[in-house]
Amino acid sequence: MRRKILLGITGSIAAYKTLELIRLLRQDGHDVQVVATKSALHFFPVLTAEVFSGHPVYSDLFDPACSVRHIELARDADVLLIAPVSADFLSKMALGLADDLLSTLCLTVTCPVLVAPAMEENMYVHPAIQKHRKTLAARGIYEIPPETGPLASGKEGLGRFASLETIRHSLKTKLMQNERWSGVRVLVSAGPTYEPIDPVRFIGNRSSGKMGYALAAASAARGAQVTLISGPTSLPLPPGVEVLRIETAEDLGISMDRLFPEHDICFMAAAVSDYRLDRPHSSKKKKDGNTWTLSLVENPDILSGLSRQKSPGQFLVGFAAESDMNPEKLLEKLRKKGADMLLANDISRPDIGFSSDENEITLFHPDGTSLPLGKHSKIVLSNKILDEIEKVWRCPAASSNGNKDQPNGNAPLSD
Ligand code: C5P
C-alpha cells in the first residue's frame, strides 16, 4: 500500500541514519516528504535526502515555499513519523509549542503520529522526559521505543535509535491498524455522574474519567471516529474526539440511547451513580439543626438497556469495579448485562483504579474465558483492549475494505 509519509527529522546524531530510512520507505512504495528542524540540518546531507525522497526538504516555516505548503502537507499526510525525535523536540510536542515548521505540523495533522526517540540514557530516563512521554501517550501518540546499546557518547545504555527494521515494521503495522479502524464508530462514556441534591450539592463518585478518556484517545489514534460522552472531569480532551458533556445518569442514559444506534463499538466506562434523589430540592437547603434524610431511587441500568437495543454487528463493552474479583460473579454480571466483553478491576487496591494513571484489568468474554491484561498505564491497557476486540470482532466496514485477513499487530507503545 502506497502511503504519504511525513518524515520529521530532529536534532539528534541518529538523524544521519534517516537517509537509509527514506530509501527503505521508498522501496516499500511510500511517498516520503521530509521536514527537518533547524538543528537536524547539521546531522544529515539535505541534498541526498532530497534525491532519495524525490521532494525538497522543508525546514523553515517562513520560507515562502514551506509556508504555502504546510497546511497541504498536514492535510495530505497518512502518517507523521518523527525519527529521530530529540529530547528537546519531544518536550516541545508535549507542551504544544509551534515555533518551526515541524512543530507547527505536529499541531495541524490529524493523521496518526509516531515518534522514535534517540538520546543519551540520562536524558531519556530524566523525569521531565518521562512525564512528556506519558503526556504524548495519553494523546494517542505512538512511541517506537529506543533500544539499549552503544550511544553517541561512546557509553552503552538505553536511548539508542530503534533499528530501521523496527521503525519500518512499526510504521507498517500502524498503517494496517489504521486501515482496520478507519470508519469504525466508537462511543465511549467516561467519568462520574453527579446526581443533584439541591442546586449546590450532589451525589457523585470518585471516578476520574481517565480510563474512558484513554480508550477514546487510543481509538481515535487508530483512526476510529470517536464520540465521548463525558461526566464532570477536568481532563484534557483527546485530539480528534467529539465530546458531549453530561452531569446526571438520566442525561447520560438519554444521550447513550440516542447515539448508540449510530456506533459500532460502545465502551460503557462511566461510573454511573446507582441512585438519585427522588425529588431534588429546587433551592439550597439551609441548616436547621435536624437530621437530614435523603430519599433515593435507583437509576436505570444504561448498559443493560443498550444491550437490549443492540443490533447484529454492534459490540458492547461493560466495566466492573469490584472489591471482590470472583470470576464466577464477574461472568454472571457480563451475561446479566448482555455485554460482549467485561473489563474488571479491583477497587480494593490503593495503587490502581479510580484516579490513578494506572490500572490492572482482567478481560472477560461471554464464553467464560478471561485474560489478565496486567498492570499498565491506562493508555497501554486501552491498546491491549482494542487489540483483543480486533480478534473477536470484525468491523463490517473493514471486511468490505478487504482488510479482514490482515494480521494483528501494533506499533509498540510507551508504558
Ligand atoms: O452494576 P455495576 O455498576 O457494577 O456495573 C458496571 C457497568 O454498568 C459499567 O459498565 C457501568 O458503566 C454500567 N452501568 C450502567 N448504568 C448504571 C450503572 C452501571 O450502565 N446505572
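Conventions and cut-offs
- Residues numbered from 1 in each chain as written.
- Predicted model: local features only at pLDDT ≥ 70, side-chain atom pairs only at ≥ 80, totals over all residues.
- Heavy atoms only, no water.
- Helix = DSSP H or I, 4+ residues; strand = E, 2+ residues; numbered from the N terminus.
- Rg over C-alpha atoms; globule rule 2.2 N^0.38 Å.
- Contact = heavy atoms within 4.5 Å.
- Areas by Shrake-Rupley, 256 points an atom, 1.4 Å probe, with all protein chains shown as cover.
- Lys, Arg positive; Asp, Glu negative; His and termini not counted.
- Charge placed at Lys NZ, Arg CZ, Asp CG, Glu CD.
- Pairing = 2+ DSSP bridges.
- Axes fitted to C-alpha atoms, helices over the stretch in contact; angles between N-to-C directions.
- Polar contact = N/O pair within 3.5 Å; in protein donor to acceptor, adjacent residues only side chain to side chain.
- Buried < 20%, exposed > 50% of the residue type's maximum accessible area, 1.4 Å probe, protein only.
- Near = heavy atom within 4 Å.
- Domains from an automatic or database assignment.
- Buried area = accessible area lost by both parts, 1.4 Å probe.
- Salt bridge = Lys/Arg side-chain N within 4 Å of Asp/Glu carboxyl O.
- UniProt positions renumbered as here; feature names shortened; annotations may be inferred.
- 1 Å grid on protein atoms, 1.4 Å probe; cavity = no way out; pocket = protein on both sides within 12 Å on 5 of 7 lines; lining within 4 Å.

Draft legend 1. Region of the structure containing the overall build of the protein chain. Within the protein chain, the secondary structure is distributed over 14 helices and 19 strands. Radius of gyration (C-alpha) of the protein chain: 24 Å, near the 22 Å computed for a compact globule of 415 residues. Its C-alpha atoms put the protein chain at 80 × 50 × 45 Å along the principal axes. Restricting the contact set of the protein chain to residue pairs at least 6 apart, pairs at least 24 apart contribute 67%. Within the structure as shown, the protein chain displays about 19100 Å² of accessible surface, and the carbon and sulfur contribution to it stands at 52%. Computing the positive centroid from 47 side-chain charges and the negative centroid from 49, the protein chain places the two 2 Å apart.

Draft legend 2. Layout of the sheet that holds strand β19 (residues 370–377). Judged by pairing direction, the sheet is mixed, and its 8 strands sit side by side in the order β12-β11-β8-β13-β16-β17-β18-β19 without closing on themselves. Looking at which strands have only one partner, the edges of the open sheet turn out to be β12 (241–245) and β19. Each neighbouring strand pair of the sheet contributes to a mean axis angle of 20°, computed without reference to strand direction. Contacts from helix α13 (residues 378–392) reach β13 (265–268), β16 (315–322), β17 (341–346), β18 (358–364) and β19, with the element oriented near 155° to β19.

Draft legend 3. Seen up close, the side chain of histidine 376. Examined against the element boundaries, histidine 376 turns out to sit in strand β19. There is a polar contact of 3.3 Å between the side chain of histidine 376 and the backbone oxygen of leucine 373.

Draft legend 4. Region of interest: the environment of phenylalanine 52. Its place among the elements puts phenylalanine 52 in helix α2 (residues 46–53). Here phenylalanine 52 falls in the partly exposed class, since its relative accessible area comes to 31%. As for phenylalanine 52 and valine 32, which are separated by 20 residues in sequence, their C-alpha atoms are 9.0 Å apart. If near-sequence neighbours (up to four positions away) are discounted, phenylalanine 52 is found in contact with Leu19, Ile22, Arg23 and Arg26.

Draft legend 5. The arrangement of the site of the ligand in detail. Looking at the ligand, there are 13 residues lining it, with Met268, Ala270, Leu303, Lys333 and Lys337 nearest. Contact between the ligand and alanine 270: an oxygen atom at 2.7 Å from a main-chain N or O atom of the residue. Residue leucine 303 places a main-chain N or O atom 2.7 Å away from an oxygen atom belonging to the ligand. If you list the elements that add at least two residues to the shell around the ligand, you get α11 (302–309), β16 and α12 (327–337).

Draft legend 6. Geometry of the domain arrangement of the protein chain. Under the domain assignment used here, the protein chain contains domain 1 (4–176) and domain 2 (179–281 + 292–400). For domain 1 versus domain 2, the distance between C-alpha centres works out to 34 Å. With 9 residues of domain 1 at the interface, the matching set in domain 2 holds 8 residues. Summing both partners gives a buried area of about 710 Å² for domain 1 against domain 2, and 52% of it is carried by carbon and sulfur. Looking at the side of domain 1 facing domain 2, the largest losses of area belong to Arg139, Tyr142 and Met176, adding up to 49% of the total buried there. At the surface where domain 1 touches domain 2, the tally comes to 0 salt bridges. Linking domain 1 with domain 2 are 5 residue pairs in polar contact (both at pLDDT 80 or more).

Draft legend 7. View of helix α1 (residues 18–27). All buried positions along α1 are accounted for by Thr18, Leu19, Leu21, Ile22, Leu24 and Leu25. Taken together, the buried residues of α1 touch β1 (4–9), β2 (31–36), α2, β3 (79–85) and α8 (164–181). Positive backbone phi, at 100°, marks glycine 29, one or two positions downstream of α1.

Draft legend 8. Spotlight on the sheet that holds β1. The strand order across the open sheet formed by 5 strands is β2-β1-β3-β4-β5, and the pairing between neighbours is parallel. Only two strands of the sheet have a single neighbouring strand rather than two, namely β2 and β5 (142–143). Sheet topology places β1 next to β3; 4 bridges connect them, and they run parallel. Residue leucine 6 lies in a different strand from β3, and its bridge partner there is leucine 80. Against the sheet, α8 touches β1, β3, β4 (113–117) and β5, its axis set at about 160° to β3.

Draft legend 9. Layout of the UniProt feature "binding site: CTP" (unreviewed entry) in the protein chain. Within this structure's numbering, the places UniProt gives as "binding site: CTP" (unreviewed entry) are Asp274, Lys284, Pro300, Asp301, Ile302, Leu303, Phe319, Lys333 and Lys337. Spanning 64 residues, the named residues do not form one spatial group; their C-alpha atoms are separated by as much as 38.3 Å. Lining the largest pocket, from the residues named above, are Asp274, Pro300, Asp301, Ile302, Leu303, Phe319, Lys333 and Lys337. Looking at where leucine 303 falls in the secondary structure, it is placed in helix α11. In this structure, leucine 303 is in contact with Met268, Leu316, Val317, Gly318 and Lys337, ignoring residues within four places of it in sequence. Relative to the helices and strands, phenylalanine 319 resides in strand β16. Apart from residues no more than four positions distant in its own chain, phenylalanine 319 is found in contact with Met211, Leu215, Met268, Ala269, Leu342 and Leu343.

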